[in-house]
Structures are given as C-alpha cells and as structure tokens.
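As a plain string of letters, each chain reads:
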Amino acid sequence: MTCQMVFHNGNCLNTKKPYARSCKLCIEGCPHQAISEFRELNTRQCTECGVCMAVCPSDGFADQTMDKLHDYLFHAEDVILSCPKAIPLGFEIPCIGMLDRDSWMTLMLLAKDKPAKIITGVCADCTDRQACASSVETFKQIHSDWPEHPVIQIQVRPDKGDTIESGNSEGVAQNSVGQTNSQIGWRQKSREKIEEWLPSMAADEAYAIPKSRQWLIEAFEASSEEKIPFHTISIADSCTNCGVCAAICPQGALQKREERNPDPIRLDPTKEEKITSLRLIYEPQKCVQCHRCLETCRSQALEFNYKPLTHRLLTGKILIHEGSPKYCSQCGKRIFDNGELCLVCATSDPESRGFFSL
C-alpha cells in the first residue's frame, strides 16, 4: 500500500527562513521514530497516525487525501469521520492523531449547521494510541478555552469484521460529492493512479497558510459575528522597536513599517536618515505560533495569549505596536535597548554610566 504521508519541503519553516535552532517537532513528535533528521520518512515504521501533521505548524508533513477530506467536510450533509479500527462509516482518516487545533475548531464550526461525529475503535488496543491521546488533549484544551463550542459526537465502535453498517461506504465518502468510483471520469482515475505510483509528485506543494487554517477560515466565514479563541501575539511597553521579530518571522505574519525623516534637506548625505516611527502589523491567519519571535526578543516584550477573534480580525491586518526608535545621545547611532548610549559610546567614556562602567 502506498504511504499517503508526504513531506512538503517548501512548507517547512526551516526552508522558508533558516533559524539558529531548527524546528524538529515532527521528528520529536513521531511515536514510531519514522522520520530522519533529513525529514525522510521510513515507510516501514510509519503507521500514518498523522502526529507529524498535527504538530507541524506549517504543513511540512501532510496527507495526500487532505483535499478529498476538505470536499467531504464542506459538502457532505452529515460529517462522519472514522479511523481504520472503527466500523467503516463516513470518511476514513488515518487516525484522530492527525487533527490539530485548527482541524478540531473547523469541525466544531461545521457542527453548528450539520451533525458532526467521530467514530473510533478501541484506542487502548491500537499502536497509534499515543497519537490519539495527543489529539484528545488538544480537544480538551479547546473545550477549556471555548466551553460553549458546538457539540461533536465521539463514539467508540470497533470494526469486528462481522457487521455491515448502512450509510456511506469509505469509497463513496472519500469521493465526497456523492459519486461512486464507477461514476468518476477516467481522467480522475488516471490522475489518482499516477499519484499512487509517484507519491513524491505531490511533495512539491508550497503554500503560505496551512490547509487546516484555510479550512478554519472558510468554516468561520459563515459566522461573521461569532468569536473563537485564537492564540495571538501582544507587545508590551518594553519593546525597543528593533523590528527583529518581523525579520525573523518565517510566515510573514509580522510586518514592520518604518517612516523616515521627511525633510529632503540633509546636512550630511553620508548619514542615514533617522527613522521617526515604527509600526508592527500582525496578520493572525498567517501566524502558526512557532514562537521564533518570542525567542529572539531581547526585551522580552512579546507574549502569546488566547483572545476571542471575529472572522474579520482573524483574516485582517492588526496594528499591535507603534513606537519611535531610540538613538545614541552622543553619536546619534540607532540603539536597540533601553539605554541612552550605544555600545561603543558606553564603553569608550569611563565617566559615562554605560553598560560596562566601573
């Protein structure tokens, strides 16, 4: 059987923007140690539990059936997801472990207008029980942050191999528009067969916003007045306006906009124009909470908290900080801390109260 899990190199945060401490969430999170340090997947060890998808912030690892799952979720009258150990109803997913926070919230939003159900086998007897447990913890966290969310039914109904259930079969559900395999055109059949033979063909995809986030935005659009808890960034007054957080963001979720001295007459053309103000613009839909901005902030001015956001705020651009950069009081060079002197001036004048004064 062809492995449905593929690695999108263009989506990996390490590829988008190199970082001193590379992201290894997929490697560390895999319960079967099936992913090498080069993001190579050992198909003999991989069980397609989907944990690498759930922990990856940017769809570095993804299941090739994601597009079919999307069509099923948004077009089926009833949403029924089942794991391989459960009775074959609805759309079969590799494991509940593939569901990240955005996926769970998408199901909750869809459950406002149609029944949503998840059917599992006995997870305690499954080799992927660790993946399932991780996803369940994510669900519990959402329930704590959003206790009034629409209800998703979760049932344990193992497939014992001796029961024929009525309803959509796996094949019908995965086509997701009510068509059986015999009703699909030969072009579609050929394309799917080629994808089975050459799974690496789909590994060249690259997109800015993870698909589970795209689904969340699509499901949320119908509830314009609704608010959902979203892990969003805030900036304290201790910010030194250095702009490093925007430069380090691999998703472009943080952008800095600088305004320079508008005076066209410069006494010394060799000196750079001073920046009079700096603004930081935040786009929540692009943010994957990798926390690189927090790790690089010297002034520790950044913080992530869950805040209720509407669809307009989630998909919009938010001004989260506006300030003026500081310049050395002696030489006029820009400084990136809360002192009054740059490092050179602070260390060259013994009488000054610089950083290294005795």
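Anything mentioned here points back to the structure above.
Small disclaimer: the values here were computed from a predicted structure and weren't measured.

### Details of the overall build of the protein chain
In step 1: Secondary structure assignment for the protein chain yields 13 helices and 13 strands.
In step 2: The long-range fraction of contacts in the protein chain, counting pairs at least 24 apart against all pairs at least 6 apart in sequence, stands at 73%.
In step 3: Accessible surface for the protein chain amounts to roughly 19,800 Å². Of this, 51% is attributable to carbon and sulfur atoms.

### Some words on the sheet that holds strand β11 (residues 318-323)
In step 1: The sheet built from three strands is open, its strands ordered β8-β9-β11 with antiparallel pairing. Looking along the sheet, the strands with just one partner apiece sit at the ends: β8 (254-260) and β11. In this sheet, adjacent strand axes meet at a mean angle of 20° when their direction is disregarded.
In step 2: Two strands pair when backbone bridges link them, and strand β9 (residues 275-282) and β11 are joined in this way by five bridges, in the antiparallel orientation. Across the sheet, the residue bridging to Leu280 is His321, located in β11.

### Focus: the packing of helix α5 (residues 101-110) against helix α6 (residues 129-145)
In step 1: As a packed pair, α5 and α6 sit with axes 9 Å apart at the nearest point and diverge in direction by 60°. Viewed along their axes, α5 and α6 adopt a mutual orientation that is oblique. Two packed elements cross with a definite hand, and for α5 against α6 that hand is right-handed. Residues Arg101, Trp104, Met105 and Met108 of α5 pack against Ser135, Thr138, Phe139, Gln141, Ile142 and Asp145 of α6.
In step 2: Grouping the constituent residues of the contact of α5 with α6 by class yields five nonpolar, three polar and two charged.

### Concerning the packing of aromatic side chains
In step 1: For the coordinates displayed, the defined rule picks out three aromatic pairs.
In step 2: Ring plane angle 55° and centroid distance 5.0 Å describe the contact between Trp104 and Phe139, whose orientation is recorded as tilted. Of this pair, Trp104 sits in helix α5 while Phe139 sits in helix α6, placing them 35 residues apart in sequence.
In step 3: We classify Trp104 as buried; its relative accessible area is 1%.

### Remarks on the pattern of salt bridges
In step 1: Following the criterion strictly, the structure yields nine salt bridges and no others.
In step 2: Between Lys140 and Glu137 there is a salt bridge whose closest N-O contact spans 3.7 Å. With a gap of three residues between them, Lys140 and Glu137 both fall in helix α6, about one helical turn apart.
In step 3: Given a relative accessible area of 49%, Lys140 falls into the partly exposed group.
In step 4: By relative accessible area, Glu137 is classed as partly exposed at 48%.

### Re the sheet that holds strand β4 (residues 91-92)
In step 1: Ordered in space as β4-β3-β5-β6, the four strands form an open sheet in which the pairing is parallel. Each of the sheet's edge strands pairs with one partner strand only, and the pair in question is β4 and β6 (153-156).
In step 2: Bridge analysis of strand β5 (residues 116-120) against β6 gives four bridges, and the strand direction is parallel. Bridged to Ile119 within β6 is Gln155.
In step 3: Its contacts with the sheet place helix α4 (residues 66-75) against β3 (79-82) and β4, and it is angled at close to 140° to β3.
In step 4: Docked against the sheet, α5 engages β3, β5 and β6, running at close to 130° with respect to β5.

Conventions we followed
Residues numbered from 1 in each chain as written. Predicted model: local features only at pLDDT ≥ 70, side-chain atom pairs only at ≥ 80, totals over all residues. Heavy atoms only, no water. Helix = DSSP H or I, 4+ residues; strand = E, 2+ residues; numbered from the N terminus. Contact = heavy atoms within 4.5 Å. Areas by Shrake-Rupley, 256 points an atom, 1.4 Å probe, with all protein chains shown as cover. Pairing = 2+ DSSP bridges. Axes fitted to C-alpha atoms, helices over the stretch in contact; angles between N-to-C directions. Parallel < 35°, antiparallel > 145°, perpendicular 65-115°, else oblique. Left-handed = near helix turned anticlockwise from the far one by under 90°. Nonpolar A, V, L, I, M, F, W, Y, C, P; charged D, E, K, R; others polar. Phe/Tyr/Trp six-rings, centres within 6.5 Å; stacked < 30°, edge-to-face > 60°. Buried < 20%, exposed > 50% of the residue type's maximum accessible area, 1.4 Å probe, protein only. Salt bridge = Lys/Arg side-chain N within 4 Å of Asp/Glu carboxyl O.

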